[in-house]
Every structure is written in C-alpha cells, then in structure tokens.
Amino acid sequence: MLLIHAHNSVRNRTKLHRSALLSPSQSPWERLYHHGDASSFLLMTGLTRSAFRSLHATLFDNNIQRLVARRGRPGLLNSAAQLGLFLFFIGSTMGIKHLCMIFGVVPSVCSDVINKMLRLVVTKLKRNPLARVRFPDAGKMAHFARLIQSREPATDDVIGFMDGLALTSECTSEDIEQNAMYNGYHSDTMVNNIFAYGPDGKVFLCAVNFPGSWHDGSITANILPYIRNNIGNYKMCVDQGFPRTGGASQIL
C-alpha cells in the first residue's frame, strides 16, 4: 500500500529539453538579426535596426559590463539576443516555451534573461533623456502638424494621437481593490493606461496605472487641464472612447 501511495503521489511534469532546441547560434532569432530585411526586423521587434542599436548601446555599456562580468562559462545568449528576447517578451503574448523555440534556450535560461533585462531596462532608462516622456514645445508641435498634413492634406492642426491600453494584472485577496481593478469588458483584472504619441511614434504624454474599472474618458479627465494648457490651437486624434463634448472636444 505504501508503494502504491508513493507511486500515485509522484507528479510527472513535461519539460522542454535542450535536445529539442536549436543552438542559440542557429536560432530563428539569429537568422532574423543577421539576415532579416529591415521590414521583417521592424515587424518582429517593433524597432528599426538603428533604434535597436541605439537602445543596445544604452543598455549595454561595454566599460560597465566588463566590470560586472561574471566569472565562469559565458551565457548562451549574447547581449543583442538578450535585448531581442526582451522585446519579444514585452511586445507579444507568446509564452516562455514559444520564446525558447525562437531563441534556442531552455525555460530556466529564458526566465533568467527576462528578469535580468527587466531590471537592466528600468535602471538604465530611468533617467535617460532619450526615454523621457516630454510634451512637445511649440516648434515640435508645428513639425508634427506638418508631418501629419503631408500624409493627410486636409488636416493641418493635429499633432498626434491618443489611445488607451489595458494590461492584465494579478488578482488580489483585497475585495475593494479587486473590485476596482476588475474590467467587465475584458472579464479580468486590469490596469488602464493612456498614451499620446506623435507621428514619429514616440510617446510624449501618458497616464499610467489607473484601476481597470476606469474608462478611458475618466482617465483623460485627469490630464485634460495639462493638455489644454500646453497644446495651444492644435488637436489630437482619439477614438470614441474619449469625451467629445465640452472643453475636451476642442482638443480631442
């Protein structure tokens, strides 16, 4: 009886083994990185090659990396692959096992790289001027308006676009907080954010980490005074989730 009980209590878990994967040097990522065309690279990573190189240089300072380099066997993924893995992780809904197939690493290595990159990105970009979210000045707004008008000649006073982004969050045992974070439309606990970005694709205004039960229009009400004081006679394009009456209709 004891042997039967011990046998039944053993949990057999399926794992992704090294033998099922290509080596990192032969992975689909390496093919994309070294031989992919510009359009494919932009589609998969969300960055142009020049933007990728700029971000890579910011995150991986060679002088600092040499000082903190660990002893022993080098990691399986070089710095470019680590950044690529991070971009795939934050830019898609793929699970760890799918990322492992693309980068040629086992789940434990994949998780370690993602956690390392999350800490590195926050540390390096926290005070980096290129990563700063800053509302455009008068000259920049005029430039944005010209860029948009070159694409849409009938529009001469729009400087950017604004939309909401809902991100899933973990459930909590606190009933009031759980109720505030629950989004009935998505049937999940969410964190709502608003991002405004120019025709160059860079975010210049944001409102982040609002409860999931808040509508885009409710979040926007908190930043409308700031927008009204800085946007002048220009406007931003939004969808129907934002207020279209009163003072908001003059700028959105």
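Residues numbered from 1 in each chain as written. Predicted model: local features only at pLDDT ≥ 70, side-chain atom pairs only at ≥ 80, totals over all residues. Heavy atoms only, no water.

Asker: How should the packing of helix H4 (residues 49-59) against helix H6 (residues 79-91) be read in this particular structure?
Answerer: Packed helices, taken two at a time, are described by the angle between their axes plus the distance between the axes. Between H4 and H6, the shortest axis-to-axis distance is 11 Å and the interhelical angle comes to 110°. Classified by the interaxial angle, the pair formed by H4 and H6 is roughly perpendicular. Crossing hand, H4 versus H6: right-handed. Where H4 abuts H6, its residues Phe-52, Leu-55, His-56 and Leu-59 lie against Ser-79, Ala-80, Leu-83, Gly-84 and Leu-87. By residue class, the composition of the contact of H4 with H6 is six nonpolar, three polar and no charged. (Axes fitted to C-alpha atoms, helices over the stretch in contact; angles between N-to-C directions. Helix = DSSP H or I, 4+ residues; strand = E, 2+ residues; numbered from the N terminus. Parallel < 35°, antiparallel > 145°, perpendicular 65-115°, else oblique. Left-handed = near helix turned anticlockwise from the far one by under 90°. Contact = heavy atoms within 4.5 Å. Nonpolar A, V, L, I, M, F, W, Y, C, P; charged D, E, K, R; others polar.)

Asker: Which parts of the structure should I look at to understand the pattern of salt bridges?
Answerer: One side chain can pair with another of opposite charge once the charged atoms of both are near each other. Enumeration according to the criterion identifies two salt bridges in this entry. Of the charged contacts in the structure, one is a salt bridge between Glu-152 and Arg-151, with a shortest N-O distance of 2.9 Å. The partly exposed category is assigned to Glu-152, whose relative accessible area is 39%. Residues Lys-235 and Asp-157 are paired through a salt bridge, measuring 3.0 Å at the closest nitrogen-oxygen approach. You can see Lys-235 sitting in strand S5 (residues 235-237) and its partner Asp-157 sitting in the loop between helix H9 (138-151) and strand S1 (158-168), a full 78 residues away along the chain. (Salt bridge = Lys/Arg side-chain N within 4 Å of Asp/Glu carboxyl O. Buried < 20%, exposed > 50% of the residue type's maximum accessible area, 1.4 Å probe, protein only.)

Asker: Before we go on, may I ask you to explain unusual backbone geometry in this structure?
Answerer: Among all residues except glycine, the phi angle is most often negative; among peptide bonds, the trans geometry is most common. Despite not being glycine, Asn-209 has its phi angle at roughly 65°, a positive value. In this structure, Asn-209 sits in strand S4 (residues 203-211). Residue classification places Asn-209 among the exposed positions, given a relative accessible area of 59%.

Asker: Looking at this structure, I do not really get the layout of surface pockets. What am I missing?
Answerer: If you roll a probe as big as a water molecule over the atoms, it shows you where there is empty space left. For the largest pocket, the calculated volume is near 1,200 Å³. What lines the largest pocket is a set of 29 residues, and nearest its centre among them are Leu-55, Phe-86, Leu-87, Ile-90 and Leu-125. Looking at the lining of the largest pocket, the elements that each hand over two or more residues are helix H3 (38-45), H4, H6 and helix H8 (107-125). Considered class by class, the residues forming the lining of the largest pocket number 18 nonpolar, nine polar and two charged. (1 Å grid on protein atoms, 1.4 Å probe; cavity = no way out; pocket = protein on both sides within 12 Å on 5 of 7 lines; lining within 4 Å. Points joined across faces, edges and corners; volume = space filled by probe spheres on them.)

Asker: I keep staring at the confidence of the model for the chain and nothing clicks. Help me out?
Answerer: Keep in mind that low pLDDT regions are not for reading the predicted coordinates in detail. Per-residue pLDDT for the chain averages 85, and the proportion of residues at 70 or more is 89%. Across the chain, element-level confidence peaks in helix H2 (residues 28-35) with a mean pLDDT of 94 and bottoms out in helix H5 (residues 62-68) with 48. Ignoring residues within four places in sequence, the model shows residues 63-68, a span with pLDDT below 50, making three contacts including any to other chains. (pLDDT = per-residue confidence, 0-100.)

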